[in-house]
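If you want the building blocks of each chain, they are given just below.
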Amino acid sequence: MIITNKFNLPAPFVSLAQRDYIFEPNEYRVTSLLKGVRETILERRHHEKIERDVSDMVWLLFGTAVHAVLERHEEGEHELKEERIKIPFGNYILSGQFDLYNDKTKIVTDYKTASVWKIIFGDFEDWRRQLLIYCYMLRKIGFDAQGAQVVAFLKDHSKRDAKIKADYPPYPVQTVKFTFTDADFAECEEWLTAKFKEIAAAEKLPDDELPICTPEERFNSGDKFAVLRKGRKTALRVLDSMEEAKQWMSENGGDEIQVRPGEDKKCIDYCAACEFCNYYREKVVNGNGGSKAV
Ligand code: SF4
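An unreviewed UniProt entry lists the protein under the name PD-(D/E)XK nuclease superfamily protein, from Geosporobacter subterraneus DSM 17957.

Below is the structure:
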């Protein structure tokens, strides 16, 4: 990866950003598996050419700094800290690094930086999946991991909002807990098998033929359906589905429904491989997925 420093940020930021990951053939990290297969493969293929500016990586660096502080804590009698484990999975190696495992409580702990919105929306499926895989891996090497927790540091927390809003996280640090059953571990194995099968098929394909990341993987905000009236510039009403828009138009009037495609937030702001993705070039940059009336 090529690291630039357009805003002349101090040298420690730059050296932290330059700590690079070396991709081993046939080895995939848990965090890579949580992304779309297209993104994962493009990132590996073009790693040497991907350019990122230090200013774009500050939250990543903040997360690393939080880890560095917590790393200083001495391991307790029953604790395993910051261990990278690798297990064979079919023709591949699955590699994962958790922050802390306590063999007495059987709990994996992971520290994360997050937005308060993640807590407000209760949007934890990605965390759950990641920690379930760590527990699965620990079980494969002989530990009896049964649950997990994320200690989340909320980077945009507002003390003022915490005082006046009922559903707002009261403190800038929150713990989210998960318990896993045998059925969860069986499902996890099926999920990993399907993912590696998808990767094996995708590795043989050229860049432009890789399966497009799903709307969920692209953090797509969802299509909207605007009821329009001829001669009026703004929509009468914007709804979340075609059915709702048709229903609304039949009850309230309007001349046509305009489909407004959702925004691919991941492609726009967070995908390091976007430059090498034809979906990004054609649909996001050139806007070939623009609004159309039906
Ligand atoms: S730009 Fe979007 S579609 Fe392309 S690899 Fe990245 S996330 Fe996937």
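Here we come to the sheet that holds strand 9 (residues 147-154). Taken in spatial order, the five strands line up as 4-7-8-9-10 in an open sheet, and their pairing is mixed. Edge strands, defined here as strands with exactly one partner in the open sheet, are strand 4 (79-81) and strand 10 (173-179). Each strand axis lies, on average, 20° off the axis of its neighbour in the sheet, ignoring direction. Alignment of strand 7 (residues 100-102) against strand 8 (residues 107-114), held across three bridges, turns out to be antiparallel. Paired with Tyr101 across the two strands is Val108, which belongs to strand 8. Across the sheet, helix 4 (residues 58-71) is in contact with strand 4, strand 8 and strand 9; its angle to strand 8 comes to roughly 140°.

Before going further, it helps to examine the UniProt feature "domain: PD-(D/E)XK endonuclease-like" (unreviewed entry) in the protein. Per the UniProt entry, the sites bearing "domain: PD-(D/E)XK endonuclease-like" (unreviewed entry) are residues 79-208 in this numbering. Regarding residues 79-208, the helix share stands at 38% and the strand share at 32%, and the terminal C-alpha atoms are separated by 45 Å.

Burial along strand 10 is one-sided: Gln174, Val176 and Phe178 are buried, and none of Val173, Thr175, Lys177 and Thr179, which face the opposite way, are. Of the strand pairs in this sheet, strand 9 and strand 10 are connected by seven bridges, and their pairing is antiparallel. Across the sheet, residue Gly147 finds its bridge partner in strand 10, namely Thr179.

Next up on the list: the site of the ligand. The local shell around the ligand consists of Arg38, Glu39, Cys213, Arg218, Lys266, Cys267, Cys271, Cys274, Cys277, Tyr279 and Tyr280. Every element with two or more residues in the shell around the ligand is listed here: helix 3 (37-45), helix 10 (265-270) and helix 11 (278-285). Here the shell around the ligand is built from residues that sort into seven nonpolar, no polar and four charged.

Another aspect to go through is the side chain of Glu39. Positionally, Glu39 belongs in helix 3. Judged by its relative accessible area of 4%, Glu39 falls in the buried class. A distance of 2.8 Å separates a polar atom in the side chain of Glu39 from a polar atom in the side chain of Lys266.

Glancing now at the domain arrangement of the protein. Interfaces are often described in size by the accessible area the parts lose on coming together. On domain assignment, one finds that the protein holds domain 1 (2-209) and domain 2 (224-293). The gap between the C-alpha centroids of domain 1 and domain 2 is 32 Å. Facing eleven residues of domain 1, the contacting portion of domain 2 comprises nine residues. Where domain 1 touches domain 2, the interface holds two salt bridges. Note that Lys266 is salt-bridged to Glu39, the shortest N-O span being 2.8 Å. Seen at the junction of domain 1 and domain 2, the total is two residue pairs in polar contact (both at pLDDT 80 or more).

Each value, and the rule that gives it
Residues numbered from 1 in each chain as written. Predicted model: local features only at pLDDT ≥ 70, side-chain atom pairs only at ≥ 80, totals over all residues. Heavy atoms only, no water. Pairing = 2+ DSSP bridges. Helix = DSSP H or I, 4+ residues; strand = E, 2+ residues; numbered from the N terminus. Axes fitted to C-alpha atoms, helices over the stretch in contact; angles between N-to-C directions. Contact = heavy atoms within 4.5 Å. UniProt positions renumbered as here; feature names shortened; annotations may be inferred. Buried < 20%, exposed > 50% of the residue type's maximum accessible area, 1.4 Å probe, protein only. Near = heavy atom within 4 Å. Nonpolar A, V, L, I, M, F, W, Y, C, P; charged D, E, K, R; others polar. Polar contact = N/O pair within 3.5 Å; in protein donor to acceptor, adjacent residues only side chain to side chain. Domains from an automatic or database assignment. Salt bridge = Lys/Arg side-chain N within 4 Å of Asp/Glu carboxyl O.

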